[in-house]
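Structural features, examined
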Amino acid sequence: MNTCHLLCLAASLLRPPAPAATYIGRDNQLHVRIPRIDGAAGVATIDGMLDEPVWRQAALLTGFSQFSPLDGVPAADSTEVLLWYSPTALYVGIRAYEKHGAVHATLADRDKISADDNVQLLLGTFHDQRQAYVFAVNPFGVQMDGTIVENGQTNTGGWTPTLSGRAAPDLSQDFVYASKGRLTDYGYEVELRIPFKSLKYQSSNDQSWDVNIVRQVQHSGFEDSWAPAKRSNASFLSQAGTIDGLGGFERGLVLDLNPVVTRKASGGPGPNGWAYAHPTPQFGGNARWGVTNNLTLNGTVHPDFAEVESDAGQFVIDPRQALFFPEKRPFFLDGLEQFTVPHNLIYTRRIAKPEEAIKLTGKMAGTNIGFLSANDDPSLAANGRYSTVYNIVRAQRDVGGRSRIGMAYTDRVVGADYNRVADIDGRILFGDVYSGSFQYAQSYDKTRGLVRNAPLWEGILARNGKRFGFRYLINGIDENFRALSGFISRPGIAHASLDHRATWFGERGNVLQTLTGDILLDDTWQYSHFVHRGDAQDKKFHLSTSAGLRGGWTLGAGVYWETFGYDSQLYGNYRIQRTIGATVDTVPFVGVGRIPNRDYVASISTPQWSRFDASLLYVGGQDENFFEWAQANIDYLTVSANVRPTDQLRVNGTLSYQDYWRRSDGSLAGRNMIPRVKVEYQFTRSIFLRMVGEYDLAEHDDLRDETRTFFPLIINGQKALATRTAAVHGDWLFSYQPNPGTVLFLGYGSQANANPDPLERFNYQPLVRSADYFFVKLSYLFRL
């Protein structure tokens, strides 16, 4: 044997063996078998280095395709994902190659890696192509996790376009898993270990799971997927591949105990100066038991809000619509996707201060189930005598390959009063790009002896084609429909809309990547008028366009023609103070029958640069002045900017602004403004310090009958004089959270208000501290 043969033999012995199997997504090699590795051989340290021998036996998933902005072409950057499993966990290794630009990576907080390069593992453990876990990591292994449940999203156009045609994940839940990553000379490398204790899955011995991997490349704005997916398909999850032949899991006892103690000291002005109330600490806790592989039972006692971050301020643009604030409490977030119902018929923030609650969630025999029972604090009830008892059931049954039918029942009882809602709804997918959905609900309400029963209904037909799509909708909510366990933004209306979208796609590398045009016809009736075939109260015709540019820029523009009809219920407490000579009296306020509007809309969003990104939306033109029921010249502006000066420092700033200028004399009728700044410094993956500051301003002039007499308005018997309310509040938080459930929060919040003075309309008024508080929260996750 000569020297060359010896060198070749030595090289072959030193070369790492090939993976167990290679699956190229572009070639539709989508049915994957991954090795199960037991004992000492199945050992991998999660350190961000794929150098243990076990990784050489893993299945390799590669051959990604671009999904956004243009689908059906090979990905510009190569990605390799290695998969294997032990009896207790799934192991994932990622090699992301990047030769076209710099990798974007920061030491971010959990769930805040959307501005970084990231890879997302979509895992459908029930193999139903309708729902999936999302386990995502940035190049340092910082985690982002949640769930995706496809329930009828449609990729429509408009002036706030979303380049990706897939449903966004709900990041409200946090799962326990390990991950670590590092930058390399070719890009980055990440390891993950996902314990089976953190998952719900089927009960069979031989299982198939849906799988797809999505990679977001920030320097280009591209989004790639391992399983080639079409943007025109009505379902993204149904286009996933599968992991076949899974079995032999040793999940063991799944029992999480999470004791929690909180204490809050609230301060305010008193007769002897500033004083604090020091209530006793509140002890509570959560428990989570995996009854079976596919069912989880949760219980809680005194779940806390723990003022980690106050709700961001919102404008009341239309006083006929209530504002929605999302759920934040960990107990209610776990399994929240099982309680999703059209029209938000289940809204767990209605359970304001529960003393105890239990919840059962999971999937069995092709049916997703959720049951929630809670006992709310009696002091919150109107009479303060009875607890408010909630019992909520939600079930969804798979039908065919990708469709579903669901039901929901909510029951809220306070003494002899009750509110009950029964619902049936469903979604049918057909022809790949078409979907239809329906809903019918009936409320049964008894309050102070008065019984009211009323319906809610909806039908939607949509086409989610790549180049052409539409969405036709019609729904109605009776004025007597009440859902006290849910959230109905505006009851007593019927609504119909016709939305058509067309999209043009440029060649790969063109400056103009996509161009979308959208036409919307939208009418809203008072429900009683709709039933009797009356005229629509609000009518809208919108023309809009959006463009996606190379590198991740998005531009939008639109023209909106709208008319709003007079709402006698909204202005039922208005009167006019009439002065004729020396005589002063009041007469009913009767507004003009209809206000015509025309708005011009422009928007722009920058790419996700490594250190900065921003977006802006501006609406200007003529719109309704609800203060005086008159047409006004309006400006509406929202600006958002994210600055990342270092890998550890994040600054987010937002500004919301709107004003109303009278058309008669150009005077200012009203103005609202909310600037907000959030600064976070991430010391480690587990520790950060955050400061949030917000200024809320709402003001209006003396109100008058702007369209007819110009006499002053009387509201609820009082002259509607100029008002100015202004407040500043700030929150500080130190957070230590090594894993979901184990936390130490130390927080401080303070608020200052301006004393309203009608003589100082539209002028600055000094702010005076009105309240503050300190709080501490300590919890620990015991995983048995």
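Residues numbered from 1 in each chain as written. Predicted model: local features only at pLDDT ≥ 70, side-chain atom pairs only at ≥ 80, totals over all residues. Heavy atoms only, no water.

Looking only at helices and strands, one finds 3 helices and 45 strands in the protein. Seen along its three principal axes, the alpha-carbon backbone of the protein occupies a region of about 125 × 60 × 50 Å. Considering the protein as a whole, with its 784 residues, one finds that 50% of them fall into the buried category. Once local pairs closer than 6 in sequence are excluded, the contacts in the protein between residues at least 24 apart make up 63%. Working note: accessible area of the protein is about 33,800 Å², and carbon and sulfur atoms make up 59% of it. Charged side chains in the protein number 76 positive and 81 negative. The centres of these two groups are separated by 2 Å. (Helix = DSSP H or I, 4+ residues; strand = E, 2+ residues; numbered from the N terminus. Buried < 20%, exposed > 50% of the residue type's maximum accessible area, 1.4 Å probe, protein only. Contact = heavy atoms within 4.5 Å. Areas by Shrake-Rupley, 256 points an atom, 1.4 Å probe, with all protein chains shown as cover. Lys, Arg positive; Asp, Glu negative; His and termini not counted. Charge placed at Lys NZ, Arg CZ, Asp CG, Glu CD.)

Let's shift gears to the environment of phenylalanine 745. Position of phenylalanine 745 among the secondary structure elements: in strand β43 (residues 742-754). On the basis of relative accessibility, which here comes to 8%, the residue phenylalanine 745 falls in the buried class. Sequence separation between phenylalanine 745 and valine 776 is 31 residues; the distance between their C-alpha atoms is 5.5 Å.

Position of lysine 200 relative to the elements: it lies in the loop between β12 (187-195) and β13 (207-217). The class of lysine 200 is buried, set by a relative accessible area of 8%. It is 9.6 Å that separates the C-alpha atoms of lysine 200 and threonine 361, two residues lying 161 residues apart in sequence. Leaving out residues up to four positions away in the same chain, lysine 200 has contacts with Thr125, Phe126, Tyr133, Asn293, Asn294, Leu295, Thr296, Thr361 and Gly362.

The omega torsion of the bond from serine 68 to proline 69 falls at 5°, within 30 degrees of zero and hence cis. Mapped onto the fold, proline 69 is located in the loop between β4 (65-68) and β5 (73-74). Of note, the phi angle at histidine 302 is positive, near 50°, even though the residue is not glycine. Positionally, histidine 302 belongs in the loop between β19 (295-301) and α2 (330-333). Even without a glycine there, the phi angle at asparagine 344 is positive, about 50°. Inspection of the secondary structure puts asparagine 344 in the loop between α2 and β20 (354-364).

Turning our attention to the sheet that holds strand β7 (residues 89-97). Within the open sheet, the 6 strands sit side by side as β1-β3-β6-β7-β12-β11. Their pairing is mixed. The sheet is open, and its two edges are formed by β1 (22-24) and β11 (178-183), each paired on a single side. Within the sheet, the average angular offset between the axes of one strand and its neighbour, ignoring direction, is 15°. In the sheet, β7 pairs with β12 via 9 bridges, with the strands oriented antiparallel. The residue of β12 that forms the bridge with valine 92 is leucine 192. (Pairing = 2+ DSSP bridges. Axes fitted to C-alpha atoms, helices over the stretch in contact; angles between N-to-C directions.)

All right, on to the packing of aromatic side chains then. A complete count under the given rule lists 44 aromatic pairs for this structure. For the pair tyrosine 85 and phenylalanine 249, a centre-to-centre distance of 5.9 Å together with 65° between the ring planes defines the contact as edge-to-face. With tyrosine 85 in strand β6 (residues 79-85) and phenylalanine 249 in the loop between β15 (241-246) and β16 (255-270), this residue pair connects regions lying 164 residues apart in the sequence. On the basis of relative accessible area, tyrosine 85 is assigned to the buried category, the value being 4%. Aromatic side chains tyrosine 571 and tyrosine 574 sit 4.9 Å apart centroid to centroid with 85° between the ring planes, which places their arrangement in the edge-to-face category. Pair check on accessibility: tyrosine 571 and tyrosine 574 agree, each one buried. If you follow arginine 231 out to its NZ or CZ, it ends over the ring of phenylalanine 67, 5.9 Å from the centre. Here the guanidinium or amino end of lysine 264 rests over the ring plane of tyrosine 773, the centre of that ring lying 4.6 Å away. (Phe/Tyr/Trp six-rings, centres within 6.5 Å; stacked < 30°, edge-to-face > 60°. Lys NZ or Arg CZ within 6 Å of the ring centre and 35° of its normal.)

Note that serine 735 resides in strand β42 (residues 723-739). A residue is classified by how much of its surface remains accessible, and serine 735, at 1% relative accessible area, is buried. Beyond its immediate chain neighbours, meaning those up to four positions away, serine 735 contacts Ser686, Ile687, Phe688, Leu744 and Phe745.

With that settled, the discussion passes to the confidence of the model for the protein. Overall, the predicted model of the protein reaches an average pLDDT of 90, with 93% of residues at or above 70. The low-confidence segment residues 1-17 (pLDDT under 50) makes 3 contacts with residues lying over four places distant or belonging to another chain. When the criterion is pLDDT under 50, residues 153-163 qualifies, and its contacts beyond four places in sequence or with other chains add up to 35 contacts. (pLDDT = per-residue confidence, 0-100.)

The next subject is the environment of threonine 125. Its location among the elements puts threonine 125 in the loop between β8 (118-124) and β9 (131-137). In the structure, threonine 125 is positioned 118 residues away from isoleucine 243 in sequence and 9.6 Å away in space, judged by C-alpha atoms.

Take the sheet that holds strand β41 (residues 718-719) next. Ordered by their spatial adjacency, 4 strands build an open sheet running β33-β32-β40-β41, and the pairing between neighbours is antiparallel. This sheet does not close on itself; its edge strands, each paired only once, are β33 (583-588) and β41. Bridging between strand β32 (residues 574-580) and β33 involves 6 bridges; their strand directions are antiparallel. Bridge assignment links arginine 578 to a residue of β33, and that residue is aspartate 585.

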